[in-house]
Amino acid sequence: MKDKTDVLQGTLALMVLKTLDVLGPLHGYGIARRIEQISGDLLTVNQGTLYPVLLKLEQEGSIASEWGASENNRKARFYRLTRGGRRQLLAEAQGWEQTAAIIARFFAAKAEDFK
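The following refers to the structure shown. None of these values were measured; they are calculated from a predicted model.

### Digging into the layout of surface pockets
Thinking step 1. Roughly 280 Å³ of volume is contained in the largest pocket.
Thinking step 2. Taken together, 18 residues line the largest pocket, and the ones lying closest to its centre are His27, Gly28, Tyr29, Gln47 and Tyr51.
Thinking step 3. Listing elements by their share of the lining of the largest pocket, those giving two or more residues are helix 2 (28-38), helix 3 (47-60) and strand 5 (75-81).
Thinking step 4. Tallied by class, the residues present in the lining of the largest pocket amount to 7 nonpolar, 6 polar and 5 charged.
Thinking step 5. Here the second largest pocket defines a volume of roughly 200 Å³.
Thinking step 6. Leu14, Met15, Lys18, Thr19, Val22, Leu23, Arg34, Ile35, Ile38 and Ser39 are the residues that line the second largest pocket.
Thinking step 7. Elements that contribute at least two residues to the lining of the second largest pocket include exactly helix 1 (9-23) and helix 2.
Thinking step 8. Sorting elements by how many residues they give to the lining of the second largest pocket places helix 1 first, with 6 residues.

Laid out in structure tokens, this is it:
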């Protein structure tokens, strides 16, 4: 059985932006489930973690929202990526790719590399 991991606050915003970039407008529950699905159910995204991130992204202008009806006809707030959010996503993705490449070098390094 896999243990679920909480999503780190700084990475959740990037995951939200990427999810909206790929899938288009979604409500909060849909965003959370998609992030969990993409992680192979290794991550847990709860409302107490997700909604402050959505609010912050909306206040920054990275996403916009409007009310609509969900698949089961319930009133839900749907979030979509803005142009500014797309720019933010590209910049943050480049930063994460660079960071991941640096960390990969450290994991690949052998003792003689540090002499």
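### Description of the pattern of salt bridges
Two side chains of opposite charge can pair, provided their charged atoms sit close to one another.
Thinking step 1. Applying the stated criterion across every chain yields a total of 4 salt bridges.
Thinking step 2. Notably, a salt bridge pairs Lys56 with Glu60, separated by 2.7 Å at the nearest N-O pair. Here Glu60 and Lys56 lie together in helix 3, a separation of 4 residues that amounts to about one turn.
Thinking step 3. Take Glu60: its relative accessible area is 41%, and that puts it in the partly exposed class.
Thinking step 4. One network of salt bridges, with partners in common, ties together Lys18, Asp21 and Arg86.

### What to know about the sheet that holds strand 5
Thinking step 1. Ordered by their spatial adjacency, 3 strands build an open sheet running 2-5-4, and the pairing between neighbours is antiparallel. The sheet is open, and its two borders are formed by strand 2 (26-27) and strand 4 (63-69), each paired with just one other strand.
Thinking step 2. Two elements, strand 2 and strand 5, share 2 bridges in a ladder whose sense is antiparallel. For His27, the partnering residue across the bridge sits in strand 5 and is Phe78.
Thinking step 3. Contacting strand 4 and strand 5, helix 3 runs over the sheet at an angle of about 120° to strand 4.

The rules behind the values
Residues numbered from 1 in each chain as written. Predicted model: local features only at pLDDT ≥ 70, side-chain atom pairs only at ≥ 80, totals over all residues. Heavy atoms only, no water. 1 Å grid on protein atoms, 1.4 Å probe; cavity = no way out; pocket = protein on both sides within 12 Å on 5 of 7 lines; lining within 4 Å. Points joined across faces, edges and corners; volume = space filled by probe spheres on them. Helix = DSSP H or I, 4+ residues; strand = E, 2+ residues; numbered from the N terminus. Nonpolar A, V, L, I, M, F, W, Y, C, P; charged D, E, K, R; others polar. Salt bridge = Lys/Arg side-chain N within 4 Å of Asp/Glu carboxyl O. Buried < 20%, exposed > 50% of the residue type's maximum accessible area, 1.4 Å probe, protein only. Pairing = 2+ DSSP bridges. Contact = heavy atoms within 4.5 Å. Axes fitted to C-alpha atoms, helices over the stretch in contact; angles between N-to-C directions.

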